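# Observations on the three-dimensional arrangement
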Amino acid sequence: MLNTAPNLQTERLILRQPVAGDWAAFRDFMQSDRAAFFDHQGNIGSTWRSFAAELGHWDIFGYGMWAVTRRGDNTAIGLVGPWTPPDWPETEIGWMIFDPATEGTGIAAEAARAAIAHAFDVLGWTTAVSYIHPDNIRSIGLAEKLGAVRDPAAPMPISYPDSAAWRHPAPQPGI
């Protein structure tokens, strides 16, 4: 296990390892219509297993998607960061924002930039993609805002054959 993923801080956010107490926010998101592009949407058992996988990813690999919180408030408002299950063909940066009131505020982009920089600079990644369903316009917009471009040649996870890969550029020093 790599123990290389500390809390990250941005201007407005703390990105920390998710904890069991984040379950309710994750569950509520995954049970909502906003999670339509996730396989677990509406299925409480699959939702629970997905959340357990988020926690387990950290235990197995020493890194994973961070729980995104606002500075001064430990309430998880989303998950953003590295995701590399053993059946994934590429290293991925994933994101989900739990609270609809947070969408459009730049929180996801701010968190994702920090996660991408960490993946390249600390974890030593040389490439990263985000697997996004082609109808998930908001997520595609975020990927493009981050500088990612669609990569039709990228291998896809077997469990997400209808998605597309958006390849992230390596962060430039000082940006």
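## Quick notes on the pairing of strand β6 (residues 129–132)
Alternating residues of β6 divide into Val-129 and Tyr-131 and Ser-130 and Ile-132, and every residue in both groups is buried. Note that β6 and strand β8 (residues 164–167) share 4 bridges and pair antiparallel. Residue pairing across strands places Ile-132 opposite Ala-164, the latter belonging to β8.

## Structural notes on the packing of aromatic side chains
Remark: the centre distance and the inter-plane angle together describe each pair of aromatic rings, the angle taken between the planes. Counted under the stated rule, the structure contains 9 aromatic pairs. Aromatic pair Phe-29 and Phe-98: ring centres 5.8 Å apart, planes at 45°, arrangement tilted. Taken together, the residues span a long stretch of sequence, with Phe-29 in helix α1 (residues 23–30) and Phe-98 in the loop between β5 (92–97) and α3 (107–121) at a distance of 69 residues. Summarising the burial analysis for this pair, Phe-29 and Phe-98 share the class buried. Aromatic side chains Trp-88 and Tyr-160 sit 5.6 Å apart centroid to centroid with 80° between the ring planes, which places their arrangement in the edge-to-face category. Of the two residues, Trp-88 sits in the loop between β4 (78–83) and β5 while Tyr-160 sits in the loop between β7 (149–150) and β8, which places them 72 residues apart along the sequence.

## Some words on the environment of Ala-117
Along the polypeptide, Ala-117 turns up in helix α3. Take Ala-117: its relative accessible area is 23%, and that puts it in the partly exposed class. Along the backbone, Ala-117 and Gln-172 are 55 residues apart, and their C-alpha atoms lie at a distance of 8.8 Å. Those residues in contact with Ala-117, other than ones at most four positions away along the chain, are Val-122 and Pro-171.

## A closer look at the packing of α1 against helix α2 (residues 44–61)
Where α1 contacts α2, the axes come no closer than 10 Å and their chain directions differ by 135°. Classified by the angle their axes make, α1 and α2 are oblique. Crossing of α1 over α2 shows right-handed handedness. Where α1 approaches α2, its residues Trp-23, Phe-26, Arg-27 and Met-30 are matched on the opposing element by Ile-44, Thr-47, Trp-48, Ser-50 and Phe-51. Taken together, the residues of the contact of α1 with α2 break down into 6 nonpolar, 2 polar and 1 charged.

## Thoughts on helix α4 (residues 137–145)
If you check which residues of α4 are buried, you get Ser-139, Ile-140, Leu-142 and Ala-143. Buried residues of α4 fall within an arc of 160° about the axis and therefore sit on the same side. Seen from the open side of α4, the exposed residues pointing more than 90 degrees away from its buried face are Ile-137, Arg-138 and Lys-145. Where α4 is buried, its residues meet β5, α3, β6 and β8. Once α4 ends, the next one or two residues include Gly-147, with phi positive near 95°.

## Quick word on the nonpolar core
If you look at the biggest cluster of nonpolar residues, it comprises 33 residues, and the most contacted ones within it are Val-68 and Trp-95. Counting residues per element, the ones that place at least two in this core are β2 (13–16), β3 (66–70), β5, α3, α4 and β8. In terms of residues, this core owes the most to one element, α3, which gives 10 residues. What Trp-95 contacts, discounting residues up to four positions off in sequence, is Phe-38, Met-65, Leu-79, Val-80, Ala-112, Ser-130, Ile-132, Ser-139, Leu-142, Ala-143, Leu-146 and His-168.

## Digging into the pattern of salt bridges
Overall, the coordinates contain 7 salt bridges when judged by the stated rule. A salt bridge links Arg-34 to Glu-103; its shortest N-O distance comes to 2.4 Å. Taken together, the positions of Arg-34 in the loop between α1 and α2 and Glu-103 in the loop between β5 and α3 put the pair 69 residues apart, joining distant regions of the chain. In this structure, Glu-90 and Arg-167 form a salt bridge, with 2.7 Å as the shortest nitrogen-oxygen distance. Within this pair, whereas Glu-90 is found in the loop between β4 and β5, its partner Arg-167 is found in strand β8, the two being separated by 77 residues in sequence. Within this structure, Arg-34, Glu-103 and Arg-138 form a network of salt bridges that share partners.

About the criteria used
- Position numbers for residues count from 1 along each chain, tracking the sequence in the order it is written.
- Residues qualify for local features only when their pLDDT is at least 70, as the model is predicted, and side-chain atom pairs are given and counted only at 80 or more; totals for whole chains, interfaces and linings, by contrast, use all residues.
- The side-chain quantities take in all heavy atoms of the structure and omit both hydrogens and water.
- Note on exposure labels: buried denotes an accessible area under 20% of the residue type's maximum, exposed denotes more than 50%, and partly exposed covers the range between, all computed with a 1.4 Å probe on protein chains only.
- Only DSSP runs of H or I with at least four residues qualify as helices, and only runs of E with at least two residues qualify as strands; both kinds are numbered from the N terminus onward.
- In this scheme, strands are said to pair when DSSP sees at least two bridges between them.
- Note on aromatic contacts: the rings of Phe and Tyr and the six-membered ring of Trp form a pair at centre separations within 6.5 Å, being stacked when their planes are under 30 degrees apart, edge-to-face when over 60 apart, and tilted otherwise.
- Residue contacts are defined here by distance: any two heavy atoms, one from each residue, within 4.5 Å place the two residues in contact.
- To define axes, lines are fitted to C-alpha atoms, for helices over the stretch in contact only, and angles between the resulting N-to-C directions are given on a 0 to 180 degree scale.
- Angle categories: roughly parallel below 35 degrees, roughly antiparallel above 145, roughly perpendicular from 65 to 115, and oblique for all the rest.
- Helix crossings fall into two classes, left-handed where the near helix is turned counterclockwise from the far one by less than a right angle and right-handed where it is turned clockwise.
- Asp, Glu, Lys and Arg are counted as charged, while Ala, Val, Leu, Ile, Met, Phe, Trp, Tyr, Cys and Pro are counted as nonpolar; the rest, among them Gly, fall into the polar class.
- The arc refers to the directions leading from the helix axis to the C-beta atoms.
- Residues belong to one nonpolar core when they are buried, are Ala, Val, Leu, Ile, Met, Phe, Trp, Tyr or Cys, and are joined through side-chain atoms within 4.5 Å.
- By convention in these notes, a salt bridge is any Lys or Arg side-chain nitrogen within 4 Å of a carboxyl oxygen on Asp or Glu.

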